[in-house]
Amino acid sequence: MVEHTIVVLGKFESGKTTFIKAVQHAVDADIPGPPATEEPTLGIKEYRITLPDGRSLTFLDTPGFDGYQPGERAKETEEILQMVEDHLSANGRSALVSHVILFLNANDMTTTEFKGRARRTFERLFSNVQVSCVTTRWDQIDEDDGPHITAEDAQNKEEDLYASGIPSGSLLEYLHDVRQNPGGELLRFRSGLTSEAYSSPRDVMLKLFAGPMAH
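The rules we used
Residues numbered from 1 in each chain as written. Predicted model: local features only at pLDDT ≥ 70, side-chain atom pairs only at ≥ 80, totals over all residues. Heavy atoms only, no water. Helix = DSSP H or I, 4+ residues; strand = E, 2+ residues; numbered from the N terminus. Buried < 20%, exposed > 50% of the residue type's maximum accessible area, 1.4 Å probe, protein only. Contact = heavy atoms within 4.5 Å. Axes fitted to C-alpha atoms, helices over the stretch in contact; angles between N-to-C directions. Parallel < 35°, antiparallel > 145°, perpendicular 65-115°, else oblique. Left-handed = near helix turned anticlockwise from the far one by under 90°. Nonpolar A, V, L, I, M, F, W, Y, C, P; charged D, E, K, R; others polar. Core = buried A, V, L, I, M, F, W, Y, C linked by side-chain atoms within 4.5 Å. Expected span 1.5 Å × (residues − 1). Pairing = 2+ DSSP bridges. Polar contact = N/O pair within 3.5 Å; in protein donor to acceptor, adjacent residues only side chain to side chain.

Caption draft 1: Structural detail: the environment of Leu81. Relative to the helices and strands, Leu81 is located in helix α2 (residues 77-90). Take Leu81: its relative accessible area is 1%, and that puts it in the buried class. Along the sequence, Leu81 and Phe122 sit 41 residues apart, while their C-alpha atoms lie 6.9 Å from each other. In this structure, Leu81 is in contact with Leu9, Phe114, Ala118, Thr121, Phe122, Leu125 and Phe126, ignoring residues within four places of it in sequence.

Caption draft 2: Focus on the packing of α2 against helix α3 (residues 116-126). Two elements in contact, α2 and α3, have axes separated by 8 Å at closest approach and are oriented at 30°. Between α2 and α3, the crossing angle belongs to the class labelled roughly parallel. Seen along the crossing, α2 lies across α3 with a hand that is left-handed. Only Arg117, Ala118, Thr121, Phe122, Arg124, Leu125 and Phe126 of α3 make contact with α2, whose side of the interface consists of Thr77, Glu78, Leu81, Gln82, Val84, Glu85 and Leu88. Of the residues assigned to the contact of α2 with α3, the class counts are seven nonpolar, three polar and four charged.

Caption draft 3: Local environment of the nonpolar core. Grouped together as the largest cluster of nonpolar side chains are 35 residues, with contacts concentrated most on Val7, Leu9, Val84, Leu102, Phe122, Phe126 and Leu175. Elements represented by at least two residues in this core include exactly β1 (3-10), α2, β4 (97-105), α3, β5 (130-136), α5 (151-164) and α6 (171-178). Residue contacts for Val7: discarding those within four places in its chain leaves Leu60, Val84, Val97, His99, Val100, Ile101 and Phe126.

Caption draft 4: Looking closely at α2. In this model α2 runs 20 Å from its N-terminal to its C-terminal C-alpha over 14 residues, within 8% of the 20 Å that 1.5 Å per residue would give. Those residues of α2 not exposed but buried are Thr77, Ile80, Leu81, Gln82, Val84, Glu85, His87 and Leu88. Close packing links the buried residues of α2 with β1, β2 (45-50), β3 (56-61), β4 and α3.

Caption draft 5: Local environment of the side chain of Ser199. With respect to the helices and strands, Ser199 occurs in the loop between β6 (187-190) and α7 (201-209). Looking at Ser199, the relative accessible area reads 18%, which means it is buried. For Ser199, the contacting residues outside a window of four places in its chain are Phe189, Arg190, Ser191 and Val204.

Caption draft 6: Just unusual backbone geometry, in detail. With a phi angle near 65°, Glu13 is a residue other than glycine that sits in the positive phi range. Here Glu13 lies in the loop between β1 and α1 (16-27). You will see that Arg137, though not glycine, has its phi angle at about 65°, which is positive. Look at Arg137 and you get partly exposed, because its relative accessible area is 30%.

Caption draft 7: Examining the sheet that holds β2 more closely. Spatially, the six strands line up as an open sheet ordered β2-β3-β1-β4-β5-β6, and their pairing is mixed. Both outer strands of the open sheet, β2 and β6, are each paired with one neighbouring strand and no more. When strand polarity is set aside, the average angle formed by the axes of neighbouring strands in this sheet is 20°. Relative to β3, β1 runs parallel, the two being bridged by six bridges. Looking across to β3, one finds that Val8 is bridged to Asp61.

Caption draft 8: Structural detail: the environment of Thr150. Considering the arrangement of structural elements, one finds Thr150 in the loop between α4 (139-142) and α5. By relative accessible area, which is 38% here, Thr150 ends up partly exposed. C-alpha separation for the pair Thr150 and Ser195, spaced 45 residues apart in sequence, amounts to 8.6 Å. Within polar-contact distance, the side chain of Thr150 engages the backbone nitrogen of Asp153 at 3.0 Å.

Structure follows, in structure tokens:
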């Protein structure tokens, strides 16, 4: 595929917009990196990035699950997915979605209920799409360990977090125990610290898109 659409979903304040802007800056240094604080994403917003090899990436940023909505209640998971579906249909992008990246706070792995309409919409939109999970905010958990934490220690902590964050009927339970991910198992990344036990936004995108012989 020359064009890829990447749908970014996840918890409120899990770093979705920050991740996208960091990728933009990694590809083009003239584009400013993410600011220290971000305004909440209230609708579907597109970010387009052209890679050096000519491929085009379009990120769809989305409101956070359980997030802030001025003057109204927070949108539920099924409502956010319906917003994504409406946007993809209106812009002719449904067939171009290649990846979904789900963002989760390492310091709060709870996810909203994922049943009924939400699950049906997800399956309709992303039945043949690679789904990956990125846990963020690791600096709020491992700050005392600093950059010397080993990859094995970080992985063990990650396993414990996922085990605690998969209640019955949740999105994580669906992704881990029900859904068959095209191309293999669910990919998981840790982000939030600079040691090699964690992945930067650039590292994540290279893993998802760079071929085996890529420089």
